[in-house]
Amino acid sequence: LEGLFNLVGDWDGLVDVLARKSMQAETPEQRCELLRTKASIHEDLLASPADAIDSYRQALEADPMSVPALDALDRLYEAASEWVDLIEVRRQRLDVVTDLEPRLQVMRSIAGIYEEKMDDAFEAITAWRAVLDESPEDAAAVAALDRLFTKESMHMELLENLQLQKRIVQDQ
């Protein structure tokens, strides 16, 4: 049936077949793949981003380490300006990414969303401090914290940040 629906362009029928097949999949990886295909049809052929998001989320439930599902959700949430959901997906990506620089990129992006998109200084400060926990001399984090501490009139924290900047310069 899958081939027939694909051949005649009956995308709704194909989505139904994929949904049923995913329920009978033998492994989480197979279920994830079927759900990602279903999501792709929703996104690309049926122009239904909400249904695509739902299917990609189901795919992640089947395989929480699915980078293609994370990538798709990241793209869809960013396009829809769904910042809370985007942060959730990026935090989930941290469970998958183990190398330091890619982890830092994801963490910086989370901090940037809090600061620039959500205008939430407290969460941005928390996120930038998490970057410093992973990389104590991260220039982007130090600069962002300087900016946020100044903006929020957090004088003691600003002083500590300036002392950190001084140590970094002295160590170079």
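The structure displayed is predicted, hence computed values, not measured ones.

A short note on the environment of E88
As for its placement among the helices and strands, E88 is situated in helix α6 (residues 83-94). Placed 14 residues apart in sequence, E88 and D74 show a C-alpha to C-alpha distance of 9.4 Å.

Brief notes about the packing of helix α7 (residues 100-117) against helix α8 (residues 121-134)
Contact pair α7 / α8: the axes reach a minimum separation of 8 Å and the direction vectors enclose 165°. Between α7 and α8, the crossing angle belongs to the class labelled roughly antiparallel. As for how α7 packs across α8, the hand of that crossing is left-handed. Facing L100, R103, L104, M107, R108, I110, A111, G112, Y114 and E115 of α7, the residues of α8 in contact are E123, A124, A127, W128, A130, V131 and E134.

Quick word on the nonpolar core
Membership of the largest hydrophobic core comes to 43 residues, with the highest contact counts inside it found for Y56, L73, I110 and W128. Residue assignment for this core shows that the elements contributing at least two residues are α3 (28-45), α4 (49-62), α5 (67-79), α6, α7, α8, α9 (139-151) and α10 (155-171). Apart from the residues lying within four places of it in its own chain, the contact partners of I110 are I87, R90, R91, L94 and A127. Counting residues in each nonpolar core, the second largest holds five residues, with L14, L18, L34 and I41 among its members.

Things to note about unusual backbone geometry
You will see that A47, though not glycine, has its phi angle at about 50°, which is positive. Of note, A47 is situated in the loop between α3 and α4. Judged by relative accessible area, A47 falls into the exposed class, the value being 61%. Of note in the backbone geometry, S153 takes a positive phi value of approximately 55° without being a glycine.

Here we look at the pattern of salt bridges
Side chains carrying opposite charge are able to pair once their charged atoms draw close together. Counted according to the given criterion, the structure contains 11 salt bridges. Between E115 and R147 there is a salt bridge, with the nearest N and O atoms lying 2.7 Å from each other. One end of the pair, E115, is in helix α7; the other, R147, is in helix α9, with 32 residues separating them in the sequence. Owing to a relative accessible area of 41%, R147 belongs among the partly exposed residues under this scheme. Between D119 and K151 there is a salt bridge, with its nearest N and O atoms 3.2 Å apart. Here the residue D119 occupies a position in the loop between α7 and α8, and K151 occupies one in helix α9, the gap between them amounting to 32 residues. Each member of the salt-bridge network shares a partner with another, and the members are D74, E78 and R90.

Notes on the side chain of S48
Assignment of secondary structure puts S48 in the loop between α3 and α4. The buried category is assigned to S48, whose relative accessible area is 16%. Discounting chain neighbours no more than four positions away, the residues touching S48 are H42 and E43.

Comments concerning α6
Turn by turn, an α-helix covers 3.6 residues, leaving residues three or four places apart pointing in a common direction. Look at α6: 17 Å from first C-alpha to last across 12 residues, which is about the 16 Å you get at 1.5 Å a residue. Every buried residue of α6 is accounted for by W83, L86, I87, V89, R90, Q92, R93 and L94. In this fold, the buried residues of α6 make contact with α4, α5 and α7.

Observations concerning the packing of α4 against α5
Relative orientation of the contacting elements α4 and α5 amounts to 150°, with a least axis distance of 9 Å. Regarding the angle of α4 to α5, the classification is roughly antiparallel. Of the two elements, α4 crosses α5, and the hand of that crossing is left-handed. Residues P49, A52, I53, Y56, R57, A59 and L60 of α4 pack against A69, L70, A72, L73, R75, L76 and Y77 of α5.

The rules behind the values
- Residues numbered from 1 in each chain as written.
- Predicted model: local features only at pLDDT ≥ 70, side-chain atom pairs only at ≥ 80, totals over all residues.
- Heavy atoms only, no water.
- Helix = DSSP H or I, 4+ residues; strand = E, 2+ residues; numbered from the N terminus.
- Axes fitted to C-alpha atoms, helices over the stretch in contact; angles between N-to-C directions.
- Parallel < 35°, antiparallel > 145°, perpendicular 65-115°, else oblique.
- Left-handed = near helix turned anticlockwise from the far one by under 90°.
- Contact = heavy atoms within 4.5 Å.
- Core = buried A, V, L, I, M, F, W, Y, C linked by side-chain atoms within 4.5 Å.
- Buried < 20%, exposed > 50% of the residue type's maximum accessible area, 1.4 Å probe, protein only.
- Salt bridge = Lys/Arg side-chain N within 4 Å of Asp/Glu carboxyl O.
- Expected span 1.5 Å × (residues − 1).

Just distances and angles here, no functional claims.
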